[in-house]
Amino acid sequence: MKRYSLIAFLAAIMIMASSAFCFADGGFTMTSSYPEDGDSNTSMENLGVKVTFSKPLNDESVKAANEGKFAIYDEDGKAIAIKVLFSDKEDGLVLVLADTDTGFVAKNNSEYKLVISGELMDNDGDVLGEDVTVTFKTYNQKANNMINMAMMFVMFGGIMFLSLRQNNEKKEEETPKDAPKEAAFNPYKEAKKTGKTVEEVMEEQAKKEAKEAKKKARKKKAEEEPQEKKIENCAEYLNNVYHVHAPAPVNKADRSVEALKAMRKAEKNSKGKGKGSKK
């Protein structure tokens, strides 16, 4: 009796081990996808899904058998044209892409669904057993554009604010702190003070402002015009030239007024004698 019990126990263990081995060896499933099921804000360009399976399915005969086992539907339930690419380098990798050569254009903020048939077969002849779906949504182009525009406005607004602030700070630095501030002109207050009419006061103020504006313009023009540089000491620029305050006479006697008068008289007399001799 004990012997039969032992045999039955060993048989049960062997059956359980073999069934576990067969399950592990024969399982064919989808292991991952990109985008994943439920993803949003996916790219509108090259719309499609990258699918990875637990076992390879790239034999030519298997590719032919799996034709029509993939499909992508739009949010209206209409199937779109697709391309199915089986990888020969990476086992179990399949790319299911929208066929843009047919004129397909993905819609903005729209939902698409990849459906993989349960009859999909791997190289060993195993099948999925049930349909697999991956639903994803393209990104919202309008919302992204609005966000980008708002960010641009904020950025330009910040730049303008900083520029104005720097200009104001520069003006404050250039303006002397003890400079008197001109009070705003009040025509009514001035008219009451002088006893003139408001029109007369405003007319006088306009003339005064015009006069001040002309004065400032002349001053600005004079500052902008190049000024000729007066050379006071030539000795600084020319070689062998020496600076003197005034020409010096030969002797002190020549400096007197009487000596100068005598010289002029002698010159006149000499000229007169010259004329007489010619006659």
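Along each chain, numbering runs from 1 in the same order as the chain's sequence is written. Only residues with pLDDT of 70 or above have their local features reported here, since the model is predicted, and side-chain atom pairs are shown and tallied only from 80 upward, although totals for entire chains, interfaces and linings are computed over all residues. Calculation of side-chain values draws on the structure's entire complement of heavy atoms; hydrogens and water are dropped beforehand.

Participant: Is there a simple way to think about the packing of helix α4 (residues 187-194) against helix α5 (residues 198-224) in this case?
Facilitator: Pairs of packed helices are described in terms of their axes, by the angle between the two and the distance that separates them. Simply put, an axis is a line fit to the C-alpha atoms, just over the touching stretch for a helix, and the angle between two N-to-C directions goes from 0 to 180 degrees. Every helix listed is a DSSP run of H or I at least four residues long, and every strand listed is a run of E at least two residues long, numbered separately from the N terminus. With their axes 9 Å apart at the nearest point, α4 and α5 run at an angle of 110° to one another. The orientation of α4 with respect to α5, classified from their angle, is roughly perpendicular. Of the residues in α5, those touching α4 at Pro 187, Tyr 188, Glu 190, Ala 191 and Thr 194 are Val 198, Val 201 and Met 202. Small angles under 35 degrees read as roughly parallel and large ones over 145 as roughly antiparallel, with 65 to 115 read as roughly perpendicular and the rest as oblique. Contact between two residues is taken to exist if any of their heavy atoms lie within 4.5 Å; hydrogens are not considered.

Participant: Is there a simple way to think about the confidence of the model for the chain in this case?
Facilitator: Predicted coordinates in regions of low pLDDT should not be interpreted in detail. Averaged over every residue, the pLDDT of the chain is 79; residues scoring 70 or more account for 70%. The lowest-confidence element of the chain is helix α1 (residues 2-26), averaging 53 in pLDDT; the highest-confidence one is strand β4 (residues 70-73), averaging 97. A low-confidence stretch, residues 18-25 stays under pLDDT 50, and its non-local contacts, those more than four residues away or across chains, total 1 contact. Summary of the metric used: pLDDT quantifies the predictor's per-residue confidence within the range 0 to 100.

Participant: Quick question: what am I supposed to make of the pattern of salt bridges here?
Facilitator: Oppositely charged side chains can pair when the atoms bearing their charge come close. Salt bridges are identified by distance alone: a Lys or Arg side-chain nitrogen within 4 Å of an Asp or Glu carboxyl oxygen. As enumerated under the stated definition, the model contains 10 salt bridges in all. Across the salt bridge formed by Lys 63 and Glu 60, the nearest N and O atoms sit 3.4 Å from each other. Pair noted here: Lys 63 and Glu 60 are both in helix α2 (residues 60-65), with a separation of 3 residues, about one helical turn. Two residues, Asp 99 and Lys 83, come together in a salt bridge whose shortest N-O distance is 3.8 Å. Placement of the pair is Asp 99 in the loop between β6 (93-98) and β7 (111-116) and Lys 83 in strand β5 (residues 82-86), with a sequence separation of 16 residues. When accessible area is computed with a 1.4 Å probe and restricted to protein chains, residues below 20% of their type maximum are described as buried, those above 50% as exposed, and intermediate ones as partly exposed. Accessibility expressed as a relative area gives 14% for Asp 99, which makes it buried. Looking at Lys 83, the relative accessible area reads 36%, which means it is partly exposed. Where salt bridges share partners, they join Lys 55, Asp 122, Asp 124 and Asp 126 into one cluster.

Participant: Quick question: what am I supposed to make of the sheet that holds strand β2 (residues 39-42) here?
Facilitator: Across a sheet, strands are paired by hydrogen bonds formed along the backbone, either parallel or antiparallel in direction. Strand order in the open sheet made by the 4 strands is β2-β8-β7-β4, with mixed pairing throughout. Both edges of this open sheet fall to β2 and β4, since each of them pairs with a single strand only. For this sheet the average axis-to-axis angle between neighbouring strands, irrespective of direction, equals 25°. Direction of pairing for β7 relative to strand β8 (residues 132-138): antiparallel, over a ladder of 6 bridges. Within the sheet, the bridge partner assigned to Leu 114 lies in β8 and is Val 134. A strand pair is defined by DSSP finding two or more bridges across the two strands.

Participant: Quick question: what am I supposed to make of the pairing of β5 here?
Facilitator: The two faces of the sheet receive side chains in turn, since in a regular strand these alternate between them. Here β5 pairs with β6 via 5 bridges, running antiparallel. Opposite Phe 86, over in β6, you have Val 94 as the bridge partner. In textbook terms, the turn of a hairpin is the stretch between consecutive antiparallel strands, and for β5 and β6 this stretch comprises 6 residues, one of which, Gly 92, has a positive phi near 85°.

Participant: I'm lost on the environment of Ser 40 in this one. Help?
Facilitator: Note that Ser 40 resides in strand β2. Look at Ser 40 and you get partly exposed, because its relative accessible area is 47%. Along the primary structure Ser 40 and Thr 138 are separated by 98 residues, whereas in three dimensions their C-alpha atoms are 6.0 Å apart.

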